[in-house]
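Residues per chain are reported as follows:
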Amino acid sequence: MLSKYEPWNPMRQLRDEVNQAFGNALGWTDDGSSVLTSRWRPAVDIKEENEQFVISADVPGVDPAEIEVTMENGVLTIRGERKLPTEGEGRDGYERVERLHGTFYRRFSLPDTADAEKITATGKNGVLEVVIPKRASIQPKRIKVAA
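Calculation criteria
- Residues numbered from 1 in each chain as written.
- Predicted model: local features only at pLDDT ≥ 70, side-chain atom pairs only at ≥ 80, totals over all residues.
- Heavy atoms only, no water.
- Core = buried A, V, L, I, M, F, W, Y, C linked by side-chain atoms within 4.5 Å.
- Buried < 20%, exposed > 50% of the residue type's maximum accessible area, 1.4 Å probe, protein only.
- Helix = DSSP H or I, 4+ residues; strand = E, 2+ residues; numbered from the N terminus.
- Contact = heavy atoms within 4.5 Å.
- Pairing = 2+ DSSP bridges.
- Axes fitted to C-alpha atoms, helices over the stretch in contact; angles between N-to-C directions.
- Polar contact = N/O pair within 3.5 Å; in protein donor to acceptor, adjacent residues only side chain to side chain.
- Phe/Tyr/Trp six-rings, centres within 6.5 Å; stacked < 30°, edge-to-face > 60°.
- Lys NZ or Arg CZ within 6 Å of the ring centre and 35° of its normal.
- Salt bridge = Lys/Arg side-chain N within 4 Å of Asp/Glu carboxyl O.

Student: Which residues make up the nonpolar core, and what are the values?
Tutor: With 16 residues, the main nonpolar core has Ile67, Leu76, Ile78, Phe104, Leu128, Val130 and Ile132 as its most contacted residues. Of all the secondary-structure elements, those providing two or more residues to this core are strand 2 (52-58), strand 4 (75-82), strand 5 (102-109) and strand 7 (127-133). Sequence-distant contacts of Ile67, that is, excluding residues within four places in its chain, are made with Val59, Val62, Ile78, Arg79, Phe104 and Leu128.

Student: Can you explain the sheet that holds strand 3 (residues 68-72)? Please cite residues and give values.
Tutor: Sheet architecture is open: three strands sit in the order 3-4-5, paired in antiparallel fashion. The two strands at the open ends of the sheet, each matched to only one other strand, are strand 3 and strand 5. Adjacent strand axes in the sheet meet at a mean angle of 15 degrees when their direction is disregarded. Relative to strand 4, strand 3 is paired through five bridges, and the arrangement is antiparallel. Directly across from Val69, in strand 4, lies its bridge partner Ile78.

Student: Now, about the sheet that holds strand 6 (residues 120-124): what can you tell me, with residues and values included?
Tutor: On the basis of which strands lie adjacent, the open sheet formed by four strands has the order 1-2-7-6 and antiparallel pairing. The open sheet terminates on both sides in strands that have one partner only, identified here as strand 1 (44-48) and strand 6. Pairs of neighbouring strands in the sheet enclose a mean axial angle of 15 degrees, with direction left out of account.

Student: Just give me the short version of the side chain of Arg106, but keep the residues and values in it.
Tutor: The topology assignment puts Arg106 in strand 5. Note on Arg106: relative accessible area 10%, which makes it buried. Only 2.7 Å separates the side chain of Arg106 from the backbone oxygen of Pro42, close enough to count as a polar contact.

Student: Give a description of the packing of aromatic side chains that names residues and reports values.
Tutor: Per the counting criterion, the structure on display carries zero aromatic pairs. Lying across the ring of Phe53, Lys134 places its NZ or CZ 5.0 Å from the centre.

Student: Outline the pattern of salt bridges, supporting the account with residue identities and numerical values.
Tutor: All chains considered together, the criterion is met by four salt bridges. Glu49 is the partner of Lys47 in a salt bridge, and the nearest nitrogen-oxygen pair spans 3.1 Å. Exposure remark for Glu49: the relative accessible area of 28% places this residue in the partly exposed category. For Lys83, the salt bridge is made with Glu66, and the minimal N-O distance between the two is 3.7 Å. Remark: Glu66 occurs in the loop between strand 2 and strand 3 and Lys83 occurs in the loop between strand 4 and strand 5; sequence separation between them is 17 residues. Note on Lys83: relative accessible area 53%, which makes it exposed.

Listed below in structure tokens is the structure:
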């Protein structure tokens, strides 16, 4: 399998991990927001296809019905929360808790070609998929110049 060589990728990953570790402690996120409730951020893939954009977010353990997806002023926002079991729900006996939990908040600026009225979101097998159709392209109109 071929993969693209990116010599600075390990440094970029280290920077992102340090920013996430210290940023989360301070309530910062890498999407430009400073929301104190952002405890973790799901990993996302963004794909552009001919007729749509697709955002796939890893949200295992989060009920899709409890994820809020909004669109305002060209910015798509995804919010939700992954909860830890409370006492009596199987929390007894934990020796270690490493999986991130708490609220999450991600924001994405969308291009002008995105059709905000037709955005759909579905959750299945721990993955949230947000489909953002593109507007039908408007062909330039040729204007004949009279002599």
